[in-house]
4 protein chains.
Amino acid sequence: MPDASPAKWHLAHTTWFFETFVLTEAAPGYRPFDPRFGYLFNSYYNSVGAQYPRPRRGVLTRPDLDEVRRYRARVDEQMEALLTAASKEDFESWWSVVEIGLHHEQQHQELLLTDIKHLFSCNPLEPAFHEPHDEPVSEPLPLNWHPYEGGVYWMGHDGSGFAYDCETPRHEVFQHPFEIASRLVTNGEFLAFIEDRGYERPELWLSEGWTVVNERAWKAPLYWRREDGRWRVFTLGGMKDVHPAEPVSHVSFFEADAYARWRGALLPRESAWEIAAADLPVEGNFVESERYHPAAAPADGSAGRPLQMFGDLWEWTASPFLPYPGYEPPAGALGEYNGKFMCNQFVLRGGSCASPRAHLRASYRNFFPPDARWQFTGIRLARMRS
Amino acid sequence: MPDASPAKWHLAHTTWFFETFVLTEAAPGYRPFDPRFGYLFNSYYNSVGAQYPRPRRGVLTRPDLDEVRRYRARVDEQMEALLTAASKEDFESWWSVVEIGLHHEQQHQELLLTDIKHLFSCNPLEPAFHEPHDEPVSEPLPLNWHPYEGGVYWMGHDGSGFAYDCETPRHEVFQHPFEIASRLVTNGEFLAFIEDRGYERPELWLSEGWTVVNERAWKAPLYWRREDGRWRVFTLGGMKDVHPAEPVSHVSFFEADAYARWRGALLPRESAWEIAAADLPVEGNFVESERYHPAAAPADGSAGRPLQMFGDLWEWTASPFLPYPGYEPPAGALGEYNGKFMCNQFVLRGGSCASPRAHLRASYRNFFPPDARWQFTGIRLARMRS
Amino acid sequence: MPDASPAKWHLAHTTWFFETFVLTEAAPGYRPFDPRFGYLFNSYYNSVGAQYPRPRRGVLTRPDLDEVRRYRARVDEQMEALLTAASKEDFESWWSVVEIGLHHEQQHQELLLTDIKHLFSCNPLEPAFHEPHDEPVSEPLPLNWHPYEGGVYWMGHDGSGFAYDCETPRHEVFQHPFEIASRLVTNGEFLAFIEDRGYERPELWLSEGWTVVNERAWKAPLYWRREDGRWRVFTLGGMKDVHPAEPVSHVSFFEADAYARWRGALLPRESAWEIAAADLPVEGNFVESERYHPAAAPADGSAGRPLQMFGDLWEWTASPFLPYPGYEPPAGALGEYNGKFMCNQFVLRGGSCASPRAHLRASYRNFFPPDARWQFTGIRLARMRS
Amino acid sequence: MPDASPAKWHLAHTTWFFETFVLTEAAPGYRPFDPRFGYLFNSYYNSVGAQYPRPRRGVLTRPDLDEVRRYRARVDEQMEALLTAASKEDFESWWSVVEIGLHHEQQHQELLLTDIKHLFSCNPLEPAFHEPHDEPVSEPLPLNWHPYEGGVYWMGHDGSGFAYDCETPRHEVFQHPFEIASRLVTNGEFLAFIEDRGYERPELWLSEGWTVVNERAWKAPLYWRREDGRWRVFTLGGMKDVHPAEPVSHVSFFEADAYARWRGALLPRESAWEIAAADLPVEGNFVESERYHPAAAPADGSAGRPLQMFGDLWEWTASPFLPYPGYEPPAGALGEYNGKFMCNQFVLRGGSCASPRAHLRASYRNFFPPDARWQFTGIRLARMRS
């Protein structure tokens, strides 16, 4: 699986980020822990130098885990020394990069979980990452629709607190009247799509999605397996039955889009999603719950607002990942962080059960190619209001 | 080249369109010219049946050209008989499909030229399709900027005359203030990008574009060849020198985007392009000129409006090809005409020197994947107004 | 199909051979018909220069057929003039190359037929190359075994008449006692292998063959098609029923080898085949019969010798194509004719219904990779004598 | 590198061999250590069941090394118990398989070293497997030729002691008079080939080899690297200078063959090699030396016989791996051990510095595809005697 990396690599890469973008910049004459790590643990920053090929990260048996831990300890120590001794001015000039480094590490905490999940799923021994919770079985809630007015709205980061460059500038958009679903699409609902031969009907799919479905012989979401006539699913807690009330997860944009078409609905544009999320608290099933799995929508009322907007699963939007009007990537290597990926990827919103809660906000834009399935991704429906 | 088709196939496919979507529908008991042609000449309509694989169209030595001509003559004859004898009601109900069939044939007239150009370019004999015009050599015009106000605009087809489904519904958008370039980017300007090592600097490229540039070893636009220290270009009139005043053509979206970034400008969003084009006459260098090559912008003044907006070259926009708000594909097989391609493609506007003039309008949306270069595609720059 | 070439290309290539290896060598200052043809029509002679890529030969719409015919006429004329006017010495020095050129053209006459057969087979219209003969239906003959003694034998060309370099030098081999089958394996016999699930049982296959069978989903010989519960076969005379008494054709070495294993027999080594063929007349179903299809073994007695050794189908041997002891390729470009292919190919013997009779002899070695099926190839069984 | 496996996998696979082919067969009701290991650690035995895909062995983070060691300990224990308690008859019936299992494990001991070498070579940190010996630098010996008579010889295993099926039956061959080189080709000699542009001259290469050389951009043996104008080589002891007196290693058959052609010599057929080796003691630089690297030929005389025939490097022969006349694979799954690989592979003889000494003998046939380079492979020249 060329998109995933070993856990050890994630550990070293996030440390490399601080070493490269803070220590090396801040301390003239800084001597790196091992100069060869600059090649091994650079992910995609062309400005900083060449990169060891991503699909071959798995063959790096050296440095071993102990060495990587020493690397982390040393860099942590040096970062602490640097920031402690810094003048107020220096501190402020470094802080913006340190802050990105911290958020960057949060992203890799999530990737660490999704990559382990994928790795374990390839192993016929079906190892479990943790002891699964024993959740009470709930009934699926009915799906309702929340209406929003059309007109000119502001979207994008409003300037207080941290945000990535791609969330800016805040700008006006014209939004058509819409409704958004009260919760995520469930396994039970998605099963009806499968049983209606959803994976076999070309008229439901984008042309490129139809090609992918056939070439990869997709018949169900990633991690679903048919065993003895029933659907089972691989989770970080091992194999379990597919529960109808839980949100369907590990679907690609293509599947989300085909499902919406089958149901006579749409995926929300990211502007619609952000309008609906703007006033909601950032609460939900995040990594801190240690569930590592999406949960059924709570039955105890939505108080008139959509449920599960944050946490549980990243929600595919209908919007390609594009620059906002007036967007400028930062100067230097960190300009490669987001801007160069603004092509053939779709925006996801809201975070997942593998995201740290503090990492999320209403303006947050995640993005993946439309065929990606190994992240915790799900489906939120929308529709036009006439 | 898997995207291109033989001339004979285009001739048969456009006839198949009328046979399948008009004759077969209108005349109960209609017997097709050859029932096997339904498989051979169906391009991508899954609703109508399976399709002979596109990359293998080149091996169809049968039916031969004479047989295809007989096929065309027979279907033309039957179409004429049908429409002549039709009641007013029948005529009207069939007309909407006939009209699509005619516009469909115009599209294939353009593809016929671009596919022949590509085929001939692969032949070391460098055959010419026509005797090239002996054009007077002109000096490049300076590039100016035309400003437009921001605000809410209407875009999409306004309802009079023919338009494809994807140009509708007409709807409001919020457009930020912008400027648009007075003409297309010239070969001379693009050469400066090449000489500034534009194809070798990753910071100018989208990540996916950078991969493509390296995998395919792109060093210049398609059809440019370096011979004895100077740049030559393959055209439908054979090889000739690259002329600095002519618009640069046969560039991908990736190259257009990188060029704009290098120059500190942008590609226009399709809304901006349509706003700028809305009041312009549909005039320019179309296929009727029989030049089959873009021409330098005329020196005799622009009268305060951008030149070359129609004809010469399709202009890459910054906009992925997406459904307009409220878009509904038509019912039935013709619903596959445009809607299913709304993923990982970019919109091009304005038509080219290979397009029939009558085929174009301000709301017309063409689309190709970002790495496509074999169409007559060029670069129109834009920029934000502060 | 990357191994096949258009008919027009074969016509031009065989002419190019004479132009390059005779006219250009013999006549100082010779001006080629078109210097660019040297690139287009060179098949694989690195010593002579670069080659237009084989898989792209199909896109060469120019030169057209008329031009190729003019090319052939001009070169024929010049060859005739050269040889007529030549001194005895010159004539003799050129003759060895002219002779290779003539045998080379015979090989391409066969390839022309096999390539047309493959091309037509890809066309859903199933065009026929000729009106098929109306053959009387015969009963299959029983398969008998002809025994041969072991010991030291001589093999290879004996020096009289033309032979390719790879048939020399004549040399001694130690041959173990063996028996050879009285005729080719029939369709009926091969059908029993299919029905015994021969294509699904890994224990019958070489490891590399098993991979090929699965990757390409082979279920029967090339050109066999299952229609309405019976086996049909595509021939140069169009589709027809698989006849049980006709020899099974268009099988790969892998299929021949698996079939032999299934039947408890072997394929003959080429030494065994040559020993058995050494005293037989070169008679059989060759291209001159204009049948273009293998025929059932004649019932009128074998007079104590194996039937069908020449003509009908090339017979896969168990021998990789290797140099004979002391083999030296000729100096110069013609050294590339055979020698460089002595790796990962297997020897076939005896010629086929598409071979000119005059092209064959007992020492003749044809060779193809073990997965090749588009030639007229069949199965002759052998076994050890204890 | 799809041909290599992790060390852990080799450890488990060799244990699986005993569990599957001895314990499961011998003890009715035997309960395997973990039934899923049968899938994970089966290499290529179709008769025993499906196999986990070889290229994905690297993703098996479970079972971990401790678990594999427990597996080995348990199976060793059970094997010991079985053999200790066995009746003489049972012991004998099991012994032939146990013996194969032991030789099988020796083969994997060698693969373990070659796979680790390859894995480490992919790591930019260039880790070393062991502390390299500090060898005295010697001068290369001159290369002499040892002559042998032609005639009928016997080859193949003579029946005393263990041998693999493919070494039998012992049989007669006709061998032409030949000479064999007194030692392996050295780095210095191979460097002359490189400097004479050996990798750039198509006339020296087999056609398939020439394709491989160009597609993979080979410029030197595997593990050679050009650094600051001199050749360095990666070894299990880390990087070091290429020493001219050491044998050239990690070359493919294609390189060995091209080198021989360049030098006007041949590779020996396996019959010639075996004739030359038949009376030599099995002595040399084997894995027991713990050098893990080939050594320069000793200067202290060859006493009239070729040096380095055993140990140092596997020697490519000119012979494809084929069944000997009358060869029969064993019944059952062990029939898959060798027989099914008799296609498109070449025989190597003599063992290497990574082979256990007890594993070798004069009749031993190793085999690899002609493009394989990651084994310890070298070049022994031969030539015809006139």
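Predicted model only: the values in this text are computed from it and were never measured.

Caption draft 1: How the structure looks around the confidence of the model for chain A. Model confidence for chain A is summarised by a mean pLDDT of 95, while 99% of its residues fall at 70 or above. At the level of chain-chain contacts, confidence expressed as ipTM amounts to 0.96, with global pTM at 0.93.

Caption draft 2: Representation of the relation of the copies chain A and chain B in the model. Once turned by 180° and shifted 0.0 Å along the axis, chain A lies on chain B with an RMSD of 0.0 Å. Taken together, the rotation angle and the small translation identify this as a two-fold axis. A shared binding surface is used by both copies, with 100% of the interface residues of chain A retained as interface residues in chain B.

Caption draft 3: Here's a closer look at helix α8 (residues 270–277) of chain A. Residues and elements named next belong to chain A. Of all 8 residues in α8, 8 are buried; the element is thus mostly enclosed. Of all the positions in α8, only Glu 270, Ser 271, Ala 272, Trp 273, Glu 274, Ile 275, Ala 276 and Ala 277 are classed as buried. On its buried face, α8 is in contact with β1 (145–148), β2 (151–155), β3 (171–175), β4 (178–181), β8 (314–320) and β9 (346–349).

Caption draft 4: Representation of the arrangement of the chains in the model. Without any contact between them, chain A and chain C keep their closest C-alpha atoms 14 Å apart. Contact between chain B and chain D is absent, and the least distance between their C-alpha atoms amounts to 14 Å.

Caption draft 5: Structural view of the packing of helix α1 (residues 7–26) of chain D against helix α4 (residues 88–121) of chain D. Residues and elements named next belong to chain D. Contact pair α1 / α4: the axes reach a minimum separation of 9 Å and the direction vectors enclose 175°. In terms of their interaxial angle, α1 and α4 are classed as roughly antiparallel. When α1 is examined against α4, the residues Ala 7, Trp 9, His 10, His 13, Thr 14, Phe 17, Phe 18, Phe 21, Val 22 and Ala 26 are found in contact with a partner set consisting of Trp 94, Val 97, Val 98, Ile 100, Gly 101, Leu 102, His 104, Glu 105, His 108, Leu 111, Leu 112 and Asp 115.

Caption draft 6: A look at the pattern of salt bridges. Across all of its chains, the model carries 96 salt bridges over all chains by this definition. Two residues, B:Arg361 and B:Glu167, come together in a salt bridge whose shortest N-O distance is 2.7 Å. In this pair, B:Arg361 is assigned in the loop between β9 (346–349) and β10 (366–368) and B:Glu167 in the loop between β2 (151–155) and β3 (171–175), connecting sequence segments 194 residues apart. Note on B:Arg361: relative accessible area 12%, which makes it buried. Among the residues examined, B:Glu167 registers a relative accessible area of 0% and is labelled buried. Where salt bridges share partners, they join A:Glu227, A:Arg230, A:Arg232 and A:Asp241 into one cluster.

Caption draft 7: Structural context of the sheet that holds strand β12 (residues 382–384) of chain B. Residues and elements named next belong to chain B. Read from one edge of the open sheet, 3 strands run β1-β4-β12, paired in antiparallel fashion. What marks the edges here is a single partner per strand, and that holds for β1 (145–148) and β12. Averaged over neighbouring strand pairs, the angle between their axes works out to 25° when direction is ignored. Across the face of the sheet, helix α8 (residues 270–277) comes into contact with β1 and β4 (178–181) while running at roughly 70° to β4.

Caption draft 8: Just the interface of chain A and chain B, in detail. Contacts between the two partners involve 30 residues from chain A, matched on the other side by 30 residues from chain B. Interface of chain A and chain B: buried area, both sides summed, is about 2,400 Å²; carbon and sulfur atoms make up 65% of it. The tally of links from chain A across to chain B stands at 0 salt bridges. Of all elements in the fold, only β3, α6 (207–215) and β8 of chain A reach the threshold of two or more residues within the side of chain A that touches chain B. If you tally residues by element for the side of chain A that touches chain B, the top one is β3(A), at 4 residues. A per-class count over the side of chain A that touches chain B returns 19 nonpolar, 7 polar and 4 charged.

Caption draft 9: Layout of the relation of the copies chain C and chain D. You can overlay chain C on chain D at an RMSD of 0.0 Å; the transform is a turn of 180° with a shift of 0.0 Å along its axis. The fraction of interface residues of chain C whose copies in chain D are also interface residues reaches 100%, indicating that both copies meet through the same surface.

Caption draft 10: Looking closely at the interface of chain C and chain D. Taken together, the 30 residues of chain C in the interface contact 30 residues of chain D. Surface buried jointly by chain C and chain D totals about 2,400 Å² across both partners, of which 64% is contributed by carbon and sulfur atoms. Considering only the surface of chain C that becomes buried against chain D, C:Phe174, C:Cys343 and C:Asn344 emerge as the three largest contributors, covering 22% of it. Counting the contacts that link chain C with chain D gives 0 salt bridges. Counting across the chain C and chain D interface gives 8 residue pairs in polar contact (both at pLDDT 80 or more).

Caption draft 11: Focus on the nonpolar core. Core analysis: the biggest nonpolar cluster contains 223 residues, and A:Ile379 and B:Ile379 have the highest contact counts within it. Excluding anything up to four places from it in sequence, B:Ile379 contacts B:Leu184, B:Val185, B:Phe190, B:Val248, B:Val251, B:Ala256, B:Tyr259 and B:Leu267. Grouped together as the second largest cluster of nonpolar side chains are 222 residues, C:Val22, C:Leu40, C:Ala265 and C:Phe321 included.

Caption draft 12: Here's a closer look at the sheet that holds strand β9 (residues 346–349) of chain C. The 4 strands are arranged β10-β9-β8-β11 (chain C) in an open sheet whose pairing can be described as mixed. Taken across any chain shown, the strands that pair with only one partner, and hence form the sheet edges, are β10 (366–368) and β11 (377–378) of chain C.

Caption draft 13: Examining α6(A) more closely. Residue and element names in this part refer to chain A. Within α6, burial applies to Gly 209, Trp 210, Val 212 and Val 213. Seen along its axis, α6 keeps its buried residues to an arc of 160°; they face one direction. At the C-terminal side of α6, Ala 217 shows a positive phi close to 55°.

Caption draft 14: Local environment of the state of the cysteines. Applying the stated criterion across every chain yields a total of 0 disulfides over all chains. Here B:Cys166 stays free of any disulfide, with the sulfur of B:Cys343 as its closest cysteine sulfur at 15 Å.

Caption draft 15: Summary view of the environment of D:Met384. Following the sequence through the fold, D:Met384 ends up in strand β12 (residues 382–384). With a relative accessible area of 35%, D:Met384 lands in the partly exposed category. Sequence-distant contacts of D:Met384, defined by excluding residues within four places in its chain, comprise C:Pro325, C:Gly326, D:His176, D:Pro177, D:Phe178 and D:Leu266.

Caption draft 16: Quick peek at the packing of aromatic side chains. This model, assessed by the stated rule, comprises 158 aromatic pairs over all chains. Judged by centre distance (6.0 Å) and plane angle (40°), the rings of D:Trp16 and D:Tyr45 are tilted. Of this pair, D:Trp16 sits in helix α1 while D:Tyr45 sits in the loop between α2 (37–40) and α3 (65–85); the two residues are 29 residues apart in sequence, bridging distant segments of the chain. Here D:Trp16 matches D:Tyr45 in class, with each residue buried. Its end group placed over the ring of A:Tyr324, A:Arg365 keeps NZ or CZ at 4.0 Å from the ring centre. Here the basic side chain of B:Arg373 rests over the ring of B:Trp218, its NZ or CZ set 3.9 Å away from the ring centre.

Caption draft 17: Spatial organisation of the pairing of strand β5 (residues 224–227) of chain A. Residue and element names in this part refer to chain A. The pairing of β5 with strand β6 (residues 230–235) spans 4 bridges and is antiparallel. Residue Glu 227 lies in a different strand from β6, and its bridge partner there is Arg 230. Here β5 folds back onto β6, and the loop between the two strands holds 2 residues, one of which, Asp 228, carries a positive phi near 50°.

Caption draft 18: Inspection of the environment of B:Ile100 at higher detail. Residue and element names in this part refer to chain B. Within the element layout of this structure, Ile 100 appears in helix α4 (residues 88–121). Placed 83 residues apart in sequence, Ile 100 and Phe 17 show a C-alpha to C-alpha distance of 9.5 Å. Ignoring sequence-local partners within four residues, the contact set of Ile 100 consists of Phe 17, Phe 162, Leu 334 and Tyr 337.

Thresholds applied
- Residues numbered from 1 in each chain as written.
- Chains lettered and ligands numbered in written order.
- Predicted model: local features only at pLDDT ≥ 70, side-chain atom pairs only at ≥ 80, totals over all residues.
- Heavy atoms only, no water.
- pLDDT = per-residue confidence, 0-100.
- Least-squares fit on C-alpha atoms with pLDDT ≥ 70 in both.
- Contact = heavy atoms within 4.5 Å.
- Buried < 20%, exposed > 50% of the residue type's maximum accessible area, 1.4 Å probe, protein only.
- Helix = DSSP H or I, 4+ residues; strand = E, 2+ residues; numbered from the N terminus.
- Axes fitted to C-alpha atoms, helices over the stretch in contact; angles between N-to-C directions.
- Parallel < 35°, antiparallel > 145°, perpendicular 65-115°, else oblique.
- Salt bridge = Lys/Arg side-chain N within 4 Å of Asp/Glu carboxyl O.
- Pairing = 2+ DSSP bridges.
- Buried area = accessible area lost by both parts, 1.4 Å probe.
- Nonpolar A, V, L, I, M, F, W, Y, C, P; charged D, E, K, R; others polar.
- Polar contact = N/O pair within 3.5 Å; in protein donor to acceptor, adjacent residues only side chain to side chain.
- Core = buried A, V, L, I, M, F, W, Y, C linked by side-chain atoms within 4.5 Å.
- Arc of directions from axis to C-beta.
- Disulfide = S-S within 2.5 Å.
- Phe/Tyr/Trp six-rings, centres within 6.5 Å; stacked < 30°, edge-to-face > 60°.
- Lys NZ or Arg CZ within 6 Å of the ring centre and 35° of its normal.

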